Amino acid sequence: MTNIAAAVRKHAPIFLVAAFALVPPAQAQKSGGSITVGQELEITGFDPLKVGVYDTSTFTAAAAIFDTLTTLDEKGEAAPKLAVSWTHSDDYKSWTFKLRQGVKFHDGTPFNAQAFKENFDRQKDPANKCRCAFYITNVKEVLAPDEYTVIYNLTDPAVNLPATNTIQSQNNVVHSPTAWKTKGDDYNRNPVGTGPYILKSWSAGDRMVLEKNPNYWDKGRPYLDRIILKPLPDAQSRFASLQSGEADIIWDDENDADNIMKAQKDSKLTVHTYKGSGAQVYAFNTKQAPFDDVRVRQALVMSIDRPKMSQAISNGLSRPASNPYGDGSWVKCKDDGALPFDVEKAKALLKDYGKPVEFKMLVTATPRGRMIGQVLQQFWKRAGANMEIEQVDQATIPPRAFMRQFQLVPWRIVDLADPDPQMYANFRSGSPLALSNFADPELDRLLDHSRTTADTAARIEDYCAISRLINKEAIWFWTFQNTYYALSSAKLKGFPKIYNGVIDVSSTWLE
Amino acid sequence: MLNFVVRRLLAILPVLLAVSLLTFLIASLLPGDLAYVILGDQATPENVAALRRDMGLDQPLWWRYLSWLGHVLQGDLGRSFRTGQTVLQAVAERIPVSLELMLMAEFIGLLIGVPVAIACAARAGGAFDRFMTGSAFAMLSMPSFLTAILLIYLFAVELHWLPATGYVPFSEAPLSNLRFFVLPALTLALAEWPGIMRVLRSDMIATLQEDYIALAKAKGLKPARILFVHALKPSSLTLVTVTGINIGRLLGGTLIVESIFALPGIGRLLVGAIYTRDLVILQGVVLLVACGFVLVNFIVDMLYAVLDPRIRHGHA
């Protein structure tokens, strides 16, 4: 064991966790059968080096084929998966995970600390130029001091690393090193993990067939013999497939409000909703006029009528947001400092500013992006500001944002088990993701404090103070909270919470 | 005849060259830089510049075109940067689905269009003729996504007769395969038959006014025999052209229909490539489809020449 590992052991409290806490509360699970999942997008592949970042459809497949070190339980707290227990250093900059023994990848390769480390090193290696490397810049290194111990050394403290590492993302799922080495370019479409299901066949654009892993480490799981994933891109026909029984569960979102409401009234269907944390957000570039003046920013935020906007874009399903955390987060604020909806005040602020307010806003070149742009345009026009919509494709938004080539950009704070990674990245001065170019010593102090404090109550205080400060300065604003949907046949049971929008069917069964 | 074939083939060459140039330009004309797309979150100016250099995007357009064309002529249409699949692999996997869909759609279109045209022509101006001509007009103006959704609700959700979405390869289960294709093919055919009907109807009306038809009538031949034996073949020349052109037009329809019915064909591949900015796939598919269209037109020309010898001798 290395010195670091020994040091971690000595100083850190031990988390006592039950080894088999994965299965949701007792219900009579039935084995056997097969389900079809209707997804929105076609999966392009699983190799992080090729696909870069997993999308929502890939998450579903990844949740079945692969395992992560940890998982989120029903309470939203980290529970064991490939790791059985974990400890941390006092400064939260080093985390040690003890791995489950006797686990094998589908190709027979043993899962151990070395395999885990190789996964990490492959993503991090600058020579591989993986887009996925961006999301692990906070991890300095991963060490494998012995066969069943993995140590994360971080550049910044992370009080909740086991919880934030649970999502079945490109960075967290564990691939078989043997498989990617032997298959080369073909690995992308022939993934090998340790998960409950094994990829059996995959015909491009049509279906991916996953079959039960008979040697899965979690005995008794999975329940279904087969999972078929189908890309059904059209929302109307996807819903029709569920109604006519060709699909057992489908992905859906607020854009498709009519069908969600129809499903709510249908006794043969179940609507699974998860009110996650995070929000749909927008960032002002405070280095550019007119957003270098706080009055303009405040005026624009105050002229947004969120309930009316929700009605316009999603039949009222979207839930207004007044802070970046959302109802699904453990951060609950008595006072988040939200600016009130007040058009008269907004007009007065713009009048006070004295110059005409004209600017451009980036939106995605999709019907939804266009609609959101038009609704905001109308609100702002009423307050006396002129906004021009600039439509760009989805892939153009991140680079434009990182290079600060925007005045106002749409963004997203996704559903993570802890607000720290995103809040720190989005608001700490000097961060490449601090899109607003806004620096404030008090904001930095609060962000630094929140990530090195173990006391949850104190952290909540910090995050609420952060929300008040951002709302007052109006450097970002939030429109709606994240809500995730899946519609299924009422016969499908055991479907877990839709954390981060992942439709995880790997522990479901048919009644 | 050989002379005619060679002349036509030579005429195709510049067309193919123009097609390749236009296809290549798609990548340059579309907004958004490929380097940005690949790098995404990591698109710093330095990274973008380095990648552009690696991919030759910093070279002049003509040089890139020639080097791309060189590869294409050797059968190398490139590889998707997202999936690692070659364009030819991706197209080979998808083309049978689209071909089956288009052929079935054209077949159903003819099955509806031809009898209706004959019936209309037999009593031109009558109640049936006026009703069908009106219906044809209505069907032409109906967008295919609407037809598709209506068909799905009627036949899949309400009646449970046919599946709403999905696909099985013909080699696996021939009957199921056909079941999956009925609704998508019908959707396309419902937009196809009006064109077929109108062309054949007007040609037949013209043919029925010819002297030899009058003679046949005078001889007391049965109306059905006159219609099917004496009038149909000479009236179907335009129909052959229309059917050929339709196959090209149908490709456009498959973009929407394949997405709605979740058929894994070329249309879906193309939509996916546009959505993910997979320009290599996009270029490759458009090039192959365009070449396919040129080829179909060539075949139609040949058929035309067989049906009417005046054409191959350059008199028509």
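No experiment lies behind these values; they were computed from the predicted model shown.

1. Some remarks on the overall build of chain B
- On a plain count of helices and strands, chain B comes out with 14 helices and zero strands.
- Put simply, chain B runs from its N terminus to its C terminus through helices and strands in the order α-α-α-α-α-α-α-α-α-α-α-α-α-α.
- Taken along the three principal axes of its C-alpha coordinates, chain B extends 85 × 55 × 35 Å.
- For chain B, the residues scored as buried account for 45% of the 316 residues in total.
- Within chain B, contacts between residues at least 6 apart in sequence are counted, and of these 73% link residues at least 24 apart.
- Total accessible area on chain B is roughly 15900 Å²; 70% of this is exposed by carbon and sulfur atoms.
- Both charge centroids of chain B, one from 23 positive and one from 20 negative side chains, sit 11 Å from each other.

2. Focus: the overall build of chain A
- In terms of regular secondary structure, chain A is built from 16 helices and 18 strands.
- For 511 residues, the compact-globule formula gives about 24 Å, and the C-alpha radius of gyration of chain A, at 23 Å, lands near that figure.
- Summarising its shape, the C-alpha atoms of chain A cover approximately 70 × 60 × 40 Å along the three principal directions.
- Counting across all 511 residues of chain A, residues that qualify as buried make up 59%.
- Here the analysis covers contacts within chain A between residues at least 6 apart in sequence; of these, 71% occur between residues at least 24 apart.
- Surface accessibility of chain A: about 19900 Å² in total, with carbon and sulfur atoms responsible for 51%.
- The average position of the 60 basic charges and that of the 59 acidic charges among the side chains of chain A differ by 1 Å.

3. A look at the sheet that holds strand 7 (residues 149-154) of chain A
Residues and elements named next belong to chain A.
- Sheet architecture is open: four strands sit in the order 4-5-7-6, paired in antiparallel fashion. Taken across any chain shown, the strands that pair with only one partner, and hence form the sheet edges, are strand 4 (83-88) and strand 6 (139-146). Here the strands of the sheet are splayed against their neighbours by 20° on average, with no regard to which way each runs.
- As defined by bridge partners, strand 5 (residues 94-99) adjoins strand 7 across five bridges and the pair is classed as antiparallel. Each residue of the ladder has a partner; that of S94, found in strand 7, is N153.

4. Some details on the nonpolar core
- Core analysis: the largest hydrophobic core is formed by 70 residues, its most contacted members being F46(A), Y152(A), M208(A), L210(A) and I249(A).
- At six residues, helix 3 (residues 56-65) of chain A tops the list of elements feeding residues into this core.
- Among all residues touching F46(A), those that are not within four sequence positions of it are V51(A), Y54(A), T58(A), A61(A), A62(A), I65(A), F66(A), H175(A), N188(A), P191(A), W202(A) and M208(A).
- Of all hydrophobic cores here, the second largest spans 50 residues; its members include M102(B), A105(B), V114(B) and V257(B).

5. Considerations on the pattern of salt bridges
- Evaluation of the coordinates by the stated rule reveals 26 salt bridges over all chains.
- Linking R226(A) and E211(A) is a salt bridge whose minimum nitrogen-to-oxygen distance equals 3.0 Å. In this pair, R226(A) is assigned in strand 10 (residues 226-231) and E211(A) in strand 9 (residues 207-212), connecting sequence segments 15 residues apart.
- Owing to a relative accessible area of 33%, R226(A) belongs among the partly exposed residues under this scheme.
- Residue classification places E211(A) among the partly exposed positions, given a relative accessible area of 23%.
- Ionic pairing is found between R8(B) and D301(B), a salt bridge with its closest N-O pair at 2.4 Å.

6. Some thoughts on the packing of helix 7 (residues 144-158) of chain B against helix 8 (residues 174-208) of chain B
Residues and elements named next belong to chain B.
- At a minimum axis separation of 9 Å, helix 7 and helix 8 run at an interaxial angle of 140°. By the angle between their directions, the pair helix 7 and helix 8 is classed as oblique. For helix 7 against helix 8, the interelement crossing comes out right-handed. The segment helix 7 lies against helix 8, with S144, T147, A148, L151, I152 and F155 engaging L183, L186, T187 and L190.
- Across the contact of helix 7 with helix 8, the residue classes tally to seven nonpolar, three polar and no charged.

7. Points about a nonpolar patch on the surface
- On the surface, L2(B), V6(B), L10(B) and L13(B) cluster together into a nonpolar patch covering about 420 Å² of accessible area.
- Classification of L10(B) as exposed rests on a relative accessible area of 55%.

8. Concerning the state of the cysteines
All names here are of chain A.
- Per the stated rule, a full pass over the model turns up two disulfides over all chains.
- What pairs with C333 in a disulfide is C464, and their sulfur atoms sit 2.0 Å apart. Disulfide C333-C464: the torsion about the S-S bond is -95°, which places it as left-handed. Placement of the pair is C333 in the loop between helix 10 (306-314) and helix 11 (343-353) and C464 in helix 16 (residues 456-473), with a sequence separation of 131 residues.
- A residue is classified by how much of its surface remains accessible, and C333, at 21% relative accessible area, is partly exposed.
- Exposure remark for C464: the relative accessible area of 6% places this residue in the buried category.
- Sequence-ordered numbering of the bonded cysteines in chain A yields a pairing of 1-2, 3-4.

9. A short note on the confidence of the model for chain B
- Looking at chain B, the pLDDT average stands at 85 and 95% of residues meet or exceed 70.
- Confidence metrics for the complex model read pTM 0.86 and ipTM 0.81.

10. Section: the packing of helix 7 (residues 235-243) of chain A against helix 8 (residues 257-265) of chain A
Residue and element names in this part refer to chain A.
- Interaxial distance between helix 7 and helix 8 falls to 10 Å at its minimum, and their mutual angle equals 15°. Taken together, the axes of helix 7 and helix 8 lie roughly parallel to each other. Between helix 7 and helix 8 lies a crossing whose hand is right-handed. Between helix 7, through A235, Q236 and F239, and helix 8, the contact on the second element is made entirely by N259, K262 and A263.

11. A word on the packing of aromatic side chains
- By the definition in use, this model includes 30 aromatic pairs over all chains.
- With centroids separated by 5.7 Å and ring planes inclined at 65°, the aromatic side chains of F97(A) and Y152(A) adopt a geometry described as edge-to-face. Of this pair, F97(A) sits in strand 5 while Y152(A) sits in strand 7; the two residues are 55 residues apart in sequence, bridging distant segments of the chain.
- Taking 6.4 Å as the distance between ring centres and 35° as the angle between the ring planes, the aromatic pair formed by Y65(B) and W68(B) counts as tilted. One end of the pair, Y65(B), and the other, W68(B), are both in helix 4 (residues 61-73), three residues apart, so they sit about a helical turn from each other.
- Here Y65(B) falls in the buried class, since its relative accessible area comes to 11%.
- With relative accessibility at 11%, the residue W68(B) sits in the buried group.
- The cationic tip of R451(A) hangs over the ring face of Y424(A); the distance from NZ or CZ to the ring centre is 3.3 Å.

12. A few points about the environment of P96(B)
- Examined against the element boundaries, P96(B) turns out to sit in helix 5 (residues 87-122).
- Residues P96(B) and A11(B) lie 85 residues apart in sequence; the distance between their C-alpha atoms is 29 Å.

13. Considering the pairing of strand 8 (residues 197-203) of chain A
Residue and element names in this part refer to chain A.
- By the bridge criterion, six bridges tie strand 8 to strand 9 in an arrangement that is antiparallel. The partner of Y197 across the bridge, within strand 9, is K212.
- The loop that links strand 8 with its antiparallel partner strand 9 comprises three residues; one of these, G205, has a positive phi angle of about 75°.

14. Here's the deal with the interface of chain A and chain B
- Counting residues at the interface gives 41 residues for chain A, matched by 40 residues for chain B.
- Taken together, the links from chain A to chain B amount to three salt bridges.
- Note that R94(B) and E42(A) form a salt bridge whose closest N and O atoms lie 2.9 Å from each other.
- Linking chain A with chain B are eight residue pairs in polar contact (both at pLDDT 80 or more), by the criterion used here.
- Breaking the side of chain A that touches chain B down by element, the ones donating at least two residues are helix 2 (48-51), strand 10, helix 7, helix 8 and helix 13 (397-402) of chain A.
- If you tally residues by element for the side of chain A that touches chain B, the top one is helix 7 of chain A, at six residues.

Cut-off values and rules
- Residues numbered from 1 in each chain as written.
- Chains lettered and ligands numbered in written order.
- Predicted model: local features only at pLDDT ≥ 70, side-chain atom pairs only at ≥ 80, totals over all residues.
- Heavy atoms only, no water.
- Helix = DSSP H or I, 4+ residues; strand = E, 2+ residues; numbered from the N terminus.
- Buried < 20%, exposed > 50% of the residue type's maximum accessible area, 1.4 Å probe, protein only.
- Contact = heavy atoms within 4.5 Å.
- Areas by Shrake-Rupley, 256 points an atom, 1.4 Å probe, with all protein chains shown as cover.
- Lys, Arg positive; Asp, Glu negative; His and termini not counted.
- Charge placed at Lys NZ, Arg CZ, Asp CG, Glu CD.
- Rg over C-alpha atoms; globule rule 2.2 N^0.38 Å.
- Pairing = 2+ DSSP bridges.
- Axes fitted to C-alpha atoms, helices over the stretch in contact; angles between N-to-C directions.
- Core = buried A, V, L, I, M, F, W, Y, C linked by side-chain atoms within 4.5 Å.
- Salt bridge = Lys/Arg side-chain N within 4 Å of Asp/Glu carboxyl O.
- Parallel < 35°, antiparallel > 145°, perpendicular 65-115°, else oblique.
- Left-handed = near helix turned anticlockwise from the far one by under 90°.
- Nonpolar A, V, L, I, M, F, W, Y, C, P; charged D, E, K, R; others polar.
- Patch = residues over 30% accessible without salt bridge, like charges linked within 9 Å, V, L, I, M, F, W, Y side chains within 5 Å.
- Disulfide = S-S within 2.5 Å.
- pLDDT = per-residue confidence, 0-100.
- Phe/Tyr/Trp six-rings, centres within 6.5 Å; stacked < 30°, edge-to-face > 60°.
- Lys NZ or Arg CZ within 6 Å of the ring centre and 35° of its normal.
- Polar contact = N/O pair within 3.5 Å; in protein donor to acceptor, adjacent residues only side chain to side chain.

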